[in-house]
Amino acid sequence: MARLKLQSGIKAIEEEPEDYDTTYSNKATLACMINSEVGAVLAVMRRNVRWGGRYMSGDDQLEHSLIQSLKALRKQIFLWQNQWHTINPAVYLQPFLDVIRSDETGAPITGVALSSVHKILTLDVIDQNTVNVEDAMRLVVDAVTSCRFEVTDPASEEVVLMKILQVLLACMKSKASVMLSNQHVCTIVNTCFRIVHQAEKKSELLQQIARHTMYELVRCIFSHLSNVDNTEHALVNRIDMAKQELGGIDNNYAFGAKQAENGNGSEYDGQASSGSFASNGFAGLVATVREESIVVAGNGKETVPYVLFLMTELYGVPCMVEIFHFFCSLLNAVENLGMDPRSNTLAFDEDVPLFALGLINSAIELGGPSFRRHPRLLSLIQDELFRNLMQFGLSMSPLILSMVCSIVLNLYHHLRTELKLQLEAFFSCVILRLAQGKYGSSYLQQEVAMEALVDFCRQKTFMVEMYANLDCDITCSNVFEDLANLLSKSAFPVNCPLSAMHILSLDGLIAVIQGMAERIGNGMVSSEQAPVSLEEYMPFWMVKCDNNGDPSHWVPFVRRRKYIKRRLMIGADHFNRDPKKGLEFLQGTHLLPGKLDPQSVACFFRYTAGLDKNLVGDFLGNHDEFCVQVLHEFAGTFDFQDMNLDTALRLFLETFRLPGESQKIQRVLEAFSERYYEQSPLILANKDAALLLSYSLIMLNTDQHNVQVKKKMTEEDFIRNNRHINGGNDLPREFLSELYHSICKNEIRTTPEQGFGYPEMTLSRWIDLMHKSKKTSPFIVADSRAYLDHAMFSIMSGPTIAAISVVFDHAEHEDVYQTCIDGFLAVAKISACHHLEDVLDDLVVSLCKFTTLLNPSSVEEPVLAFGDDTKARMATVTVFTIANRYGDYIRTGWRNILDCILRLHKLGLLPARVASDAADESELSVDPGHGKPITNSLSSAHIQSIGTPRRSSGLMGRFSQLLSLDTEEPRSQPTEQQLAAHQRTLQTIQKCHIDSIFTESKFLQAESLLQLARALTWAAGRPQKGSSSPEDEDTAVFCLELLIAITLNNRDRIVLLWQGVYEHMANIVQSTVMPCALVEKAVFGLLRICQRLLPYKENLADELLRSLQLVLKLDARVADAYCEQITLEVSRLVKANATHIRSQLGWRTITSLLSITARHPEASEAGFDALLFIMSDGAHLLPANYFLCIDAARQFAESRVGQAERSVCALDLMSGSVDCLARWAHEAKEAMGEGEDAKMFQDIGDLWLRLVQGLRKVCLDQREEVRNQALLSLQKCLTGVDGIQISHGLRLQCFDLVIFTMLDDLLEIAQGHQKDYRNMEGTLILAMKLLSKVFLELLNELSQLTTFCKLWLGVLSRMEKYMKVKVRGKKSEKLQELVLELLKNILLVMKTRGVLMQRSALGGDSLWELTWLHVNNIAPSLQSEVFPDQDPEQSSLKHGETGSVVSGETVSVPSNETTTPEGAGAGA
């Protein structure tokens, strides 16, 4: 016995191992149980006098049949050998069921019998495989629903009713319930509902149990819907969806009909006792269906038997249709109920509909999507249920409204594809009407409606589907837009504190936004969608989508429809101002054809919202032929099938205002009548009958509802007025009477509501909606990708940001702050991903206001105030989170972000390395000195020197400031709260990662980067001439640091930034007249940018180096202050980047900067060091920088700032550079063709000339060693030029411009008795030697020239002057001796080479004569010494022999003045 599992029933028993004992034991267990139940019933019966004794019938004393049958069962049960499921359950159930049915038994006996049946059912002894189970189950249902008993007291009656409920529920929960028929399931529900109804007069407990049982039944029945075969679906269709009849199949199913004789009997169906319910259609399901079974489809005789056949089938869709219909009819009954004054009005107002709605909700929850497979059930939901929901949605009871919203949410989940227009109507006519509070709804109603809306918003695809299906459909209202506006407006606290409603609306708004943000993560759809445009006319009301399931089809289709809808709205606006121009505009946008046709204009009037209905009415009533055609086409757009005439007329007249003139009214009604008669002839003979009756209705409407009409038309008057209008006959009286009452009760509004209000759902509108729903485009189900989010977000972003900001502003709780912050971040994410820069800027502007950093600080300790302000800290972290994550799409918002950063900087709260860039760390660690101009120390020191108290930089600095005790004003130790506030501030700033905005700027998109740079320039302000406040300068320095940091971080995109950065620095340099931190930062920043970028940006080298000319424009005082540092930086720049500087322009800037330093005591050393680097061994000399470097070296040579050794070194650099010229000439000769190398040689010659001209200038230096070194260098450069092909013209130029000029200048100095020039004699000697050496070196070439005579005379005249010169007032013997010696040597060489000959072919006699004329002035004896023998013939022969004298022939010249070119070459 212990192994029996009561809950799992007979199956569990069968599955035990099949040995004899076990089987026997289990059979015995069940037999014992049933035996004990028999015993229990008999025991209770015996307590009653009637059953306890025997009574006489004839001669024998017999027991009552009920007791006999129970005893007989007792005998049998222990004799059964078979398995229990092979035994017919009717055998062991029947005795109990007889007791239940008997009207002789009292409530206690019936109750025990019901308990016994309940126990047997719950043991699961009976399942679908049991023998004869179908009959057994039906027997149970029949018996229990026909239960009769004597009522002795109310409590025992309630117990029986409760047990009836238990047994019926057990039947439905039993495995064998599938064997019940449709009819039996309906009976069960009906019986339970009657008990619910009866229980109202009984205890609260029974009421609750009855209702609970009803809910459980519905759950059992409708959970079975998903298993129902489609065969049943086919059966329902075959009977044309007729309503099935339950009553009359078998009288047993009608509830008990007779009272017990003693008057205490209870037929618990309570026909008498439940007056108001029974009499008003609440008597139950059977009654409802009986009434409706009259309306069976026309094939009469066959249908009803077929319906009966269906109802006896195993239960499925037919009973569910009936039950669901019954629940809907409960709602109808409540609507139409004439209230009984004695009844509990709240129970009627709230209780019954709530109960019915709860049952409907359960059915939908469990049936779910399966409803879609069964047209009859679906049509009940689409029409009857939804119509009731629309009405109960406007109920004053929040409970009912809440339940209605729950049902609609369930329907949306499971069946939204079938309920497109119904959902639109629900949101427009219920949610939007209530939530706005404009139509007299209470606060509670508003709150419930808003809660429901927020629940919908939390469904990820809800708003997308509303937008795609309704906002983008020209025949539907803009539900998405209206809901979004409602949410944002409802979140706004206007002149009131923040309430739960505001927070609720905000939740909805943020749910929508976060849904969009999540969709971004599911794969972005390109936001760069092609703009929609209409190239040619196509009827806009016929645009169709090929495939609603494929986004590649429906997305373009939806976007196109939205475009059309927007254009139509604009067209409507134009039309309302001027109908003609409105139509022309629509033709221009291809929404109407080029040549207007009546159909397209009619459809424009019919489907466009927002048209002025007066204008439409005037147009349609016009007598113009085109207008008449439009009117008829317009009437043709209506579907009046199966509509009453007054309903059709109401619908027709809602779309425009009926004109006032009778002729226009005539035309309009003619068109209407024609259309109505065409679709719904019903009992009308012809269209004239329809016209006359329509007229009559209009007149009746005016008569009944115009206050000026005192004597109203009676029903009789109306009927009399309409005699003989139906083709000469009368219309049925009932028909006219119905029309009369409809118009009296409900006015036809001939002046329809204008604009876009939320209309009430009238019956005529509902009928129209049902007609439209058959033709509307299919519902598009959105997936989780962001196809339409760009368009949707564009619509709602502005109001959303405003709403979140206002709530954030008014909020006082941290959880509300967090909600708002989540919203802000979601908005930022969407804006960035859909490239909506304006929206992101608006968001940043809005958020920056909450950081409190932009407010002029009135508090004494702003840092503490910030630490205590949670809202400000959260806003600050959010601003910088957005800047770091979505900086690519910030534009003007950078200005606000920078304002916040600057404020933090002023408060000393920024981390020290905010302005550092990627390479700073390595640079600073390698060379600590290099960091000097970059760190903030200079500006801080400067500010301090001006006399302002120095602000500690960095957070810890501020903190220590707080902790320190001021000497003048002793400050108390900071409190724990202050310390905590500081700690919070510190943590907030760390979370912001402000430095990464700048260090990561290399990843910013170009446009954003540019805007960031501009914002920095703007924030720094325009530099002022004269003094600015220390604080302003500190700001400007900081902004400049940041600007330099982003410039260095974006070296690959320097072109983008450079112009702005350069202009900003130029403004600083040109407006600064005194040394200060700002100009220092600008100058060294510029140098640093050049140093860092030159290796990478050769194409920009000129641009970068040209910028260094700014340094040359510095005010003298400023330049002087920073000269040494500037030079060091330039020197470092040159050493690092010499190979990258290619152009003359770049070198000109560098050498200009270096040249300036030649005369600066501190800077000259570094400057010369850089020059030495460039010129040593010609390492970095180029044709482009040659003469610039020579000029710079000359300036160093002439500079008296350093030691003379440096000037000598500079001269060596100059003379050494001649080798470079020789090298370039050699390379040019090898590399180029003849034409090109001639040009190159000419260029090299020009450089050489500039070199020697530079040296000539230094030859006049006051310092003897420099002067003499310059002469030697010049001599080297003039003679050591074998490798350079210098033209004859250039040679002559060299004598005129360099040698002769130098000799003359030296002579002038020597004769001028200048004290500054020491030992001029030595210099003149060197100069003479140089002249002689160069002349002899070049003699062969020069002697060929026609101007040789002039040149030679120039040489002689200088020698003559030097011969006679007086140094310090007396002639120099050394010089005279040298001149004579050199002249003799020259003459000898000229003689040897045949240059100087009497009657020489070259110079003629004039050269000879002029030579001796001058020589004789110098030394008359020389002619005889050089030409001792002047025999003419000999001299002519000599000339012939010595025409090719070897230049290597030595003459009596001092050994150090060898004239051989080879010697010259060697000495070079």
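Residues numbered from 1 in each chain as written. Predicted model: local features only at pLDDT ≥ 70, side-chain atom pairs only at ≥ 80, totals over all residues. Heavy atoms only, no water.

Enquirer: Looking at this structure, I do not really get the overall build of the protein chain. What am I missing?
Expert: In terms of regular secondary structure, the protein chain is built from 68 helices and six strands. Within the span of the protein chain, comprising 1468 residues, buried residues form 54% of the whole. Once local pairs closer than 6 in sequence are excluded, the contacts in the protein chain between residues at least 24 apart make up 77%. (Helix = DSSP H or I, 4+ residues; strand = E, 2+ residues; numbered from the N terminus. Buried < 20%, exposed > 50% of the residue type's maximum accessible area, 1.4 Å probe, protein only. Contact = heavy atoms within 4.5 Å.)

Enquirer: Any chance you could explain the pattern of salt bridges here in plain terms?
Expert: Oppositely charged side chains may form a pair once their charged atoms are brought near each other. With the rule as written, the count across this model stands at 40 salt bridges. Note that Glu-518 and Lys-460 form a salt bridge whose closest N and O atoms lie 3.4 Å from each other. Linking Glu-518 in helix 23 (residues 500–520) with Lys-460 in the loop between helix 20 (443–457) and helix 21 (462–471), this pair joins segments that are 58 residues apart in sequence. Judged by its relative accessible area of 43%, Glu-518 is partly exposed. Salt bridges here are not isolated pairs; linked through shared partners, they connect Lys-420, Asp-473 and Arg-561. (Salt bridge = Lys/Arg side-chain N within 4 Å of Asp/Glu carboxyl O.)

Enquirer: Explain the nonpolar core here, please?
Expert: One recurring pattern in soluble globular proteins is that nonpolar side chains are buried together. Phe-324, Phe-605, Phe-998, Trp-1248, Phe-1335 and Trp-1352 are the most contacted members of the largest nonpolar core, which has 459 residues in total. Excluding anything up to four places from it in sequence, Phe-324 contacts Phe-222, Ile-360, Ala-363, Ile-364, Phe-371, Leu-377, Leu-380, Ile-381 and Leu-385. (Core = buried A, V, L, I, M, F, W, Y, C linked by side-chain atoms within 4.5 Å.)

Enquirer: Looking at this structure, I do not really get the side chain of Arg-891. What am I missing?
Expert: You can see Arg-891 is positioned in the loop between helix 39 (870–886) and helix 40 (893–906). The buried category is assigned to Arg-891, whose relative accessible area is 13%. Excluding anything up to four places from it in sequence, Arg-891 contacts Glu-837, Asp-841, Gln-1005, Glu-1007, Ser-1008 and Gln-1011.

Enquirer: Which parts of the structure should I look at to understand unusual backbone geometry?
Expert: The phi angle of most residues is negative, glycine excepted, and most peptide bonds adopt the trans form. One non-glycine residue, His-590, lies in the positive phi region at around 65°. Position of His-590 relative to the elements: it lies in the loop between helix 25 (579–588) and helix 26 (598–607). Positive phi, close to 50°, is recorded for His-993, a residue that is not glycine. Tracing the backbone shows His-993 in the loop between helix 44 (976–992) and helix 45 (994–999).

Enquirer: How do you make sense of the side chain of Asp-1261 when you look at a structure like this?
Expert: Summarising the element assignment, Asp-1261 is placed in the loop between helix 58 (1234–1258) and helix 59 (1264–1279). Within the structure, the side chain of Asp-1261 is placed 2.8 Å from the backbone nitrogen of Arg-1263, a separation counted as a polar contact. Apart from the residues lying within four places of it in its own chain, the contact partners of Asp-1261 are Ala-1197, Glu-1198, Val-1266, Arg-1267 and Tyr-1317. (Polar contact = N/O pair within 3.5 Å; in protein donor to acceptor, adjacent residues only side chain to side chain.)

Enquirer: I keep staring at the packing of helix 24 (residues 551–577) against helix 25 and nothing clicks. Help me out?
Expert: The relative placement of two packed helices comes down to the angle between their axes together with the axis-to-axis distance. Closest axis-to-axis distance for the helix 24/helix 25 pair is 6 Å, and the angle between their directions is 155°. Relative to helix 25, the element helix 24 is oriented roughly antiparallel. Listed contacts from helix 25 to Arg-567, Leu-568, Ile-570, Gly-571, His-574, Phe-575 and Arg-577 of helix 24 are Pro-579, Gly-582, Leu-583, Phe-585 and Leu-586. By residue class, the composition of the contact of helix 24 with helix 25 is seven nonpolar, three polar and two charged. (Axes fitted to C-alpha atoms, helices over the stretch in contact; angles between N-to-C directions. Parallel < 35°, antiparallel > 145°, perpendicular 65-115°, else oblique. Nonpolar A, V, L, I, M, F, W, Y, C, P; charged D, E, K, R; others polar.)

Enquirer: What's the story with the environment of Ala-689 in this structure? I'm lost.
Expert: With respect to the helices and strands, the residue Ala-689 is situated in helix 31 (residues 687–705). Discounting residues that sit within four places of it in the chain, Ala-689 has contacts with Leu-684, Ile-725 and Asn-726.

Enquirer: Help me understand the packing of aromatic side chains, please; the structure alone is not making it clear to me.
Expert: In this description, a pair of aromatic rings is defined by centroid distance and the angle of the planes. Scanning the model with the defined rule gives 44 aromatic pairs in all. Pairing Phe-326 with Phe-327 gives two aromatic rings, centres 6.0 Å apart and planes at 45°, and the pair type is tilted. The same class applies to Phe-326 as to Phe-327, namely buried. Considering the side-chain rings of Phe-634 and Phe-656, the 5.8 Å spacing of their centres and the 70° angle between planes classify their relative orientation as edge-to-face. Of this pair, Phe-634 sits in helix 28 (residues 625–636) while Phe-656 sits in the loop between helix 29 (645–654) and helix 30 (662–679), and the two are 22 residues apart along the sequence. Of the two residues examined, Phe-634 and Phe-656, each falls in the buried class. Aromatic rings pair up to connect Phe-634, Phe-638, Phe-640, Phe-652, Phe-656, Phe-672 and Tyr-676 into one cluster. (Phe/Tyr/Trp six-rings, centres within 6.5 Å; stacked < 30°, edge-to-face > 60°.)

Enquirer: Would you take a moment to explain a negative patch on the surface for this structure?
Expert: Together, Asp-1120, Glu-1124, Glu-1162 and Glu-1165 line one region of the surface with negative charge. Look at Glu-1162 and you get partly exposed, because its relative accessible area is 47%. (Patch = residues over 30% accessible without salt bridge, like charges linked within 9 Å, V, L, I, M, F, W, Y side chains within 5 Å. Areas by Shrake-Rupley, 256 points an atom, 1.4 Å probe, with all protein chains shown as cover. Lys, Arg positive; Asp, Glu negative; His and termini not counted. Charge placed at Lys NZ, Arg CZ, Asp CG, Glu CD.)

Enquirer: Would you explain the packing of helix 49 (residues 1077–1093) against helix 52 (residues 1116–1137) in this entry?
Expert: In contact at an axis separation of 9 Å, helix 49 and helix 52 are set at 10° when each is read in the N-to-C sense. As summarised for this structure, helix 49 and helix 52 are arranged roughly parallel, according to the angle between their axes. Judged by residue contacts, Val-1079, Glu-1080, Val-1083, Phe-1084, Leu-1087, Cys-1090 and Gln-1091 of helix 49 engage Val-1118, Tyr-1122, Gln-1125, Ile-1126, Glu-1129, Val-1130, Arg-1132, Leu-1133 and Asn-1137 from helix 52. Per-class residue counts for the contact of helix 49 with helix 52 are ten nonpolar, three polar and three charged.

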